[in-house]
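# Understanding the architecture of this molecule
Each chain is listed here by its residues.
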Protein chains: 2
Amino acid sequence: MKQSFINDLQKIVGEQFTLSDKESLAVYGYDSTPELESLPGAVVLPGSTEEVSRVVALCHDAGVSVTPRGSGTNLSGGSLSAGGVVLQTSRLNRVVEIDEENLTATVETGVITSALHRDVEGRGLFYPPDPGSMNISTMGGNVAENSGGLRGLKYGVTSDYVMGLTTILPDGVLLKTGGKAVKNVAGYNLNDLLVSSEGTLGVFTEVMVRLIPKPPAKKTMLVHFPELEQAALTVSRIIAARIIPATLEFLDRVTIRCVEDYARVGLPLDVEAVLLIEVDGHPAVVEEDAAAIRAICEKHRCSFFQTAATAEEALKLATARRVALSALARVKPTTILEDATVPRSCIAPMVKLIQETARKYDLTIGTFGHAGDGNLHPTCLTDERDKDEIARAHQAFAEIFDAAIAMGGTITGEHGVGLAKKKYLPKLVGEAGVRVMRNIKESFDPKGILNPGKVF
Amino acid sequence: MKQSFINDLQKIVGEQFTLSDKESLAVYGYDSTPELESLPGAVVLPGSTEEVSRVVALCHDAGVSVTPRGSGTNLSGGSLSAGGVVLQTSRLNRVVEIDEENLTATVETGVITSALHRDVEGRGLFYPPDPGSMNISTMGGNVAENSGGLRGLKYGVTSDYVMGLTTILPDGVLLKTGGKAVKNVAGYNLNDLLVSSEGTLGVFTEVMVRLIPKPPAKKTMLVHFPELEQAALTVSRIIAARIIPATLEFLDRVTIRCVEDYARVGLPLDVEAVLLIEVDGHPAVVEEDAAAIRAICEKHRCSFFQTAATAEEALKLATARRVALSALARVKPTTILEDATVPRSCIAPMVKLIQETARKYDLTIGTFGHAGDGNLHPTCLTDERDKDEIARAHQAFAEIFDAAIAMGGTITGEHGVGLAKKKYLPKLVGEAGVRVMRNIKESFDPKGILNPGKVF
């Protein structure tokens, strides 16, 4: 990147917030996606919406690409730049307003997700989306990827909470969408189009989210199943009984063994599946739902049913699920975490298919995830230096995605397309879908400045 | 319209479903919007998605506009065509599937909203959106306008339930978006962009909506307030107490008098406001919430608090609200129903401003609506032959919209922009907002075939 251009960036954000030395660029050369690396030309850390606007306008005029980046927890390569400017949002970290009367929180997009949780929960309010990376991830990243989490079954995902956005368009112009009116149909729904646009339509600098009252009670249950099929059936039967738990998570045998090996939480090594179930709400409802869930689990031959007696115990039970990825990741150098998603009625055939595919290609794949949402994380434990195994892993995932699509599911439930899943998108959305998406991108960004090469 | 083109339409949908006689065109020359009339060139009633695709492709090639129309309950002139083809969806009226395991309903877009309610409630399931016109309106119209309803406060609006759409694009190509996977971030969120696009981006032929378990209990309350301010404060205080009723509706003095005159439901004529409140959910929660709400109402000097003892009584109490529009509409020949919407904390100043504006311009304006959502319906009772009064009414509404925008609200909460509010849109979304929306329209419909002249 030309020094004169870097000087122009420095004039906007300051010298200390413009990085272009080799070491810094290397740090921003990867995100949490395996196998992908790509060096940016410069990294800027703007401190205000206005600085973001000026950086984007400068890049637009110079024909230099801009890739927004939060904490880099992206799992599809969406925050990587090839020679362009990485716009890092960590300095946009102010909580602008918590409006307790209208139940909204307005934050700059560099605010960490779990920091917002703590802030609003202290006021008896609740911001439900809780992605696995919530202690590191930024609200802006959550909006760009439409992050889910463990509470998605009952409470939905990020897009269900975004009420307003401040966005810098690809030419540097500021766009405000939405607001505190809970109903708004004035023109196209730009908020929901911008959410999950993976940094390709605009750079978010502020987000206003809807809050809800914090549920007064919660019950956490951990259930062991000797038979995989029965665990999957239990998921379906709970929903069929008109019970919507906040959390309904699944761990398979491979994951259970890794978790136990890593965290020693007392999981049995001889079961095929574990379900982590949380119900929340009014204490009476929580009691009834928990009793009904226990009956369903027992009918489906669970071997053990544990209910947390205290908040600490609940946290311990949830640990088994929360550490799943870390536990799997330490087994081998490379962890390929996917998020094939199916209608929830297809959980059992999908888990079976993943296990069969792993055997067929001689791979170690642990599967865990949001069973109630049909959102599974088949996770391949491998080593990217082993070219042959990596090739087999890609072949296996191609088959898993094909199967997910055939079941009426999708190639990504919450990680985004980014670079990693571009080749699968046309299969899912068809030629018409890709055409419409490309046209929208072109209509926002005719010069192709913003996070180029992603999604399509 | 040329006879040869009408013949081509007939070849696709059949002679009996192609209308071009003067009388038929006159019937489709207006919708539920006052003051607007516009004759189409022809009306077609296709019987399948394929016929819709062929009609749209034919029009696209011939450069003839297409305006989709459900039951014509539109309140912003969105279903009117000036010389083009009106595509009426009433024959697309099949329930395709109710999937009780995945909690989805898939229907053709001509299905009547309340028919879907009855169908799913018979199975213990629930489709919450309940616009005032639900006994006539179609699901396709609800999707195009992103309809709300009386249960929006707790349950949200149509867009919160749309999981999948089958859409015919402006060139006749079929686009399927979304599906049964409850989480899906593969590419841009086209579902939510298409919802509320007011027939300008595509013609919907099928919609898949999410269902939820039917709440087991419900309690309906009607509360009288001698002071307007106290009624508005009650709305705020209920939410601040972390209670989210399903319904929290408001009627002002003008509306109360008209309703009582029309339906004789026993409303007092000496109060300033009435609130209709419904809580639903688990019986224990319903009891507690109702008690807490009663305490708040009494603290704010309600003069009367009535709780329905039976389902019939609940229906009777809700009648006061459900008939509000009909009751107002019979007073004068022309009813201008608006939906200025503000953050809910601004309900009191907004109602006051509406009343003052009515006095200032010597108009009769009754206000009722979804107070919990901040979504009010100031309704001017007038006569379109009285040019002077109509001019004053428009002046008054312009001021009311300006005030709504100034309070952080919007020009339409649930009726859409259509023709009626085009002039207010730039004030709300700004130059950048209009530009982005126009570019999206252009990217979908470069020939400007689909419902031209609406929204922008």
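Just so it is clear, the model here is predicted, and its values are computed rather than measured.

### Considering the overall build of chain A
Counting its secondary structure elements, chain A contains 15 helices and 18 strands. On C-alpha atoms alone, chain A measures out to a radius of gyration of 22 Å, which is about the 23 Å that the 2.2 N^0.38 rule sets for 456 residues. Counting across all 456 residues of chain A, residues that qualify as buried make up 64%. Restricting the contact set of chain A to residue pairs at least 6 apart, pairs at least 24 apart contribute 73%. Surface summary for chain A: the accessible area is close to 16200 Å², and the carbon and sulfur share equals 51%. Seen as two clouds, the 47 positive and the 56 negative side-chain charges of chain A have centres 2 Å apart.

### Quick word on the environment of Thr-364 of chain B
Residue and element names in this part refer to chain B. Relative to the helices and strands, Thr-364 resides in strand β17 (residues 364–370). Linking Thr-364 and Pro-378, residues 14 residues apart in sequence, is a C-alpha distance of 9.9 Å. For Thr-364, the residues in contact, after removing those within four places along its chain, are Val-254, Thr-379, Cys-380 and Leu-381.

### Topic: the UniProt feature "domain: FAD-binding PCMH-type" (unreviewed entry) in chain A
With numbering matched to this structure, UniProt assigns "domain: FAD-binding PCMH-type" (unreviewed entry) to residues 36–214 of chain A. Counting secondary structure, residues 36–214 of chain A comes out at 22% helix and 25% strand; the distance between its end C-alpha atoms is 40 Å.

### Observations regarding the domain arrangement of chain A
Domains assigned within chain A are domain 1 (3–88), domain 2 (95–213), domain 3 (216–327) and domain 4 (332–430). Each of domain 1 of chain A and domain 3 of chain A was reduced to a C-alpha centroid, and the two centroids are 42 Å apart.

### Quick word on the sheet that holds strand β9 (residues 174–178) of chain A
Residue and element names in this part refer to chain A. Read from one edge to the other, the open sheet built from five strands follows the order β5-β6-β10-β8-β9, with strand pairing classed as antiparallel. Strands at the two margins of the open sheet, each flanked by one partner only, are β5 (95–99) and β9. For this sheet the average axis-to-axis angle between neighbouring strands, irrespective of direction, equals 10°. In this structure, strand β8 (residues 162–168) lies alongside strand β10 (residues 203–210), joined through six bridges in antiparallel fashion. Pairing of Thr-166 across the sheet is with Glu-206, part of β10. In the packing of helix α4 (residues 113–121) onto the sheet, the strands contacted are β5, β6 (104–108) and β10, and the crossing angle to β5 comes to about 35°.

### Notes on the pairing of β9 of chain A
Taken residue by residue, a regular strand's side chains alternate between the two faces of the sheet. Residue and element names in this part refer to chain A. Inspection of the sheet shows β8 paired to β9 by five bridges, in the antiparallel sense. When the bridges of β9 are listed, Thr-166 appears paired with Lys-176. Taking the residues between adjacent antiparallel strands as the criterion, β8 and β9 are bridged by five residues, where Gly-172 takes a positive phi near 95°.

### Considerations on the pattern of salt bridges
A full pass over the atoms with the stated rule returns 60 salt bridges over all chains. Between Asp-339 of chain A and Lys-421 of chain A there is a salt bridge, with the nearest N and O atoms lying 2.6 Å from each other. Placement of the pair is Asp-339 of chain A in the loop between β16 (334–337) and α13 (347–360) and Lys-421 of chain A in the loop between α14 (387–406) and α15 (425–444), with a sequence separation of 82 residues. Each of the two residues, Asp-339 of chain A as well as Lys-421 of chain A, counts as buried. Among the ionic pairs, Arg-392 of chain A bridges to Asp-388 of chain A, the shortest N-O distance being 3.1 Å. Residue Arg-392 of chain A and its partner Asp-388 of chain A are both found in helix α14; the two are separated by four residues, about one turn of the helix. One network of salt bridges, in which partners are shared, links Glu-100, Asp-119 and Arg-123 of chain A together with Arg-242 of chain B.

### Considerations on the interface of chain B and chain A
Facing the 79 residues of chain B at the interface are 79 residues of chain A. Summed over both partners, the interface of chain B with chain A comes to about 6000 Å²; 61% of that surface belongs to carbon and sulfur atoms. Between chain B and chain A we count eight salt bridges in total. Here Lys-183 of chain A makes a salt bridge to Glu-414 of chain B, at a shortest N to O gap of 2.9 Å. The interface formed by chain B and chain A includes 30 residue pairs in polar contact (both at pLDDT 80 or more). Among the elements of the structure, β9 (174–178), α7 (190–194), α8 (228–240), α10 (283–299) and α15 (425–444) of chain B are those that each provide at least two residues to the side of chain B that touches chain A. Per element, the largest residue contribution to the side of chain B that touches chain A is 13 residues, and it comes from α15 of chain B. Grouping the amino acids of the side of chain B that touches chain A by side-chain chemistry returns 35 nonpolar, 27 polar and 17 charged.

### A closer look at the relation of the copies chain B and chain A
Take chain B, turn it by 180°, move it 0.0 Å along the axis, and it overlays chain A with an RMSD of 0.0 Å. In the structure described here, the two chain copies are related by an operation that fits a two-fold rotation axis. With an isologous cut-off of 70% or more, the 100% of interface residues of chain B that recur at the interface of chain A puts this contact in the isologous class.

### A few points about the side chain of His-282 of chain B
Along the chain, the position of His-282 of chain B falls in the loop between β14 (273–281) and α10. A relative accessible area of 15% places His-282 of chain B in the buried class. A distance of 2.8 Å separates a polar atom in the side chain of His-282 of chain B from a polar atom in the side chain of Glu-288 of chain A. A distance of 3.0 Å separates a polar atom in the side chain of His-282 of chain B from the backbone nitrogen of Ala-284 of chain B. If we skip the residues at most four places from it in the chain, His-282 of chain B touches Ala-284, Val-285 and Glu-288 of chain A together with Pro-216 and Ala-217 of chain B.

### Digging into unusual backbone geometry
Apart from glycine, the bulk of residues carry a negative phi angle, and the bulk of peptide bonds sit in the trans form. All names here are of chain A. Positive phi, normally seen in glycine, also occurs at Arg-242, with a value near 65°. Structurally, the position occupied by Arg-242 is in the loop between α8 (228–240) and β13 (247–252). For Asn-451, which is not glycine, the phi dihedral falls at a positive 40°. Inspection of the secondary structure puts Asn-451 in the segment after α15.

### Considerations on the sheet that holds strand β2 (residues 42–44) of chain A
Residues and elements named next belong to chain A. Read from one edge to the other, the open sheet built from four strands follows the order β1-β2-β4-β3, with strand pairing classed as mixed. Bordering the open sheet on either side are β1 (18–19) and β3 (66–69), each of which pairs with just one other strand. Relative to strand β4 (residues 85–88), β2 runs parallel, the two being bridged by three bridges. When the bridges of β4 are listed, Ala-42 appears paired with Val-85.

### Some words on the nonpolar core
In terms of nonpolar packing, the biggest core is built from 188 residues, with Ile-440 of chain A together with Ile-440 of chain B touching the most fellow members. Discounting residues that sit within four places of it in the chain, Ile-440 of chain A has contacts with Leu-193 and Leu-201 of chain A together with Tyr-188, Leu-190, Leu-193, Ser-443 and Phe-444 of chain B.

### Focus on the packing of α13 of chain A against α14 of chain A
Residue and element names in this part refer to chain A. Look at α13 against α14: their axes get within 10 Å of each other, and the N-to-C directions meet at 160°. One way to sum up the angle between α13 and α14 is to call them roughly antiparallel. For the element pair α13 and α14, the recorded crossing hand is right-handed. Counted together, Met-350, Leu-353, Ile-354, Thr-357 and Lys-360 of α13 and Ala-396, Glu-399, Ile-400, Ala-403 and Ala-404 of α14 form the full contact between these two elements. Here the residues of the contact of α13 with α14 are counted per class, giving seven nonpolar, one polar and two charged.

### Description of helix α14 (residues 387–406) of chain B
All names here are of chain B. Between its terminal C-alpha atoms α14 stretches 29 Å, which fits the 28 Å expected from 20 residues at 1.5 Å a residue. Buried within α14 are the following residues: Glu-389, Ile-390, Ala-393, Ala-396, Phe-397, Ala-398, Ile-400, Phe-401, Ala-403 and Ala-404. As for α14, its buried residues are in contact with β16 (334–337), α13 (347–360) and β18 (375–382). Positioned one or two residues after α14, Gly-408 has a phi angle of 90°, which is positive.

### Things to note about the packing of aromatic side chains
Under the defined criterion, the tally for this structure stands at ten aromatic pairs over all chains. Ring plane angle 55° and centroid distance 4.6 Å describe the contact between Phe-401 of chain B and Tyr-424 of chain B, whose orientation is recorded as tilted. A residue pair is termed long-range when its members are at least 10 positions apart, and Phe-401 of chain B in helix α14 and Tyr-424 of chain B in the loop between α14 and α15 qualify at 23 residues. In terms of burial, Phe-401 of chain B and Tyr-424 of chain B fall into one category: buried. A network of ring pairs unites the aromatic residues Phe-397, Phe-401 and Tyr-424 of chain A as a single cluster.

### Structural notes on the state of the cysteines
Between two cysteines, a covalent bond joining their sulfur atoms is known as a disulfide. All names here are of chain A. With the rule as written, the count across this model stands at zero disulfides over all chains. No disulfide involves Cys-258; its sulfur sits 12 Å from the nearest other cysteine sulfur, which is in Cys-380. Given a relative accessible area of 11%, Cys-258 falls into the buried group.

Cut-off values and rules
- Residues numbered from 1 in each chain as written.
- Chains lettered and ligands numbered in written order.
- Predicted model: local features only at pLDDT ≥ 70, side-chain atom pairs only at ≥ 80, totals over all residues.
- Heavy atoms only, no water.
- Helix = DSSP H or I, 4+ residues; strand = E, 2+ residues; numbered from the N terminus.
- Rg over C-alpha atoms; globule rule 2.2 N^0.38 Å.
- Buried < 20%, exposed > 50% of the residue type's maximum accessible area, 1.4 Å probe, protein only.
- Contact = heavy atoms within 4.5 Å.
- Areas by Shrake-Rupley, 256 points an atom, 1.4 Å probe, with all protein chains shown as cover.
- Lys, Arg positive; Asp, Glu negative; His and termini not counted.
- Charge placed at Lys NZ, Arg CZ, Asp CG, Glu CD.
- UniProt positions renumbered as here; feature names shortened; annotations may be inferred.
- Domains from an automatic or database assignment.
- Pairing = 2+ DSSP bridges.
- Axes fitted to C-alpha atoms, helices over the stretch in contact; angles between N-to-C directions.
- Salt bridge = Lys/Arg side-chain N within 4 Å of Asp/Glu carboxyl O.
- Buried area = accessible area lost by both parts, 1.4 Å probe.
- Polar contact = N/O pair within 3.5 Å; in protein donor to acceptor, adjacent residues only side chain to side chain.
- Nonpolar A, V, L, I, M, F, W, Y, C, P; charged D, E, K, R; others polar.
- Least-squares fit on C-alpha atoms with pLDDT ≥ 70 in both.
- Core = buried A, V, L, I, M, F, W, Y, C linked by side-chain atoms within 4.5 Å.
- Parallel < 35°, antiparallel > 145°, perpendicular 65-115°, else oblique.
- Left-handed = near helix turned anticlockwise from the far one by under 90°.
- Expected span 1.5 Å × (residues − 1).
- Phe/Tyr/Trp six-rings, centres within 6.5 Å; stacked < 30°, edge-to-face > 60°.
- Disulfide = S-S within 2.5 Å.

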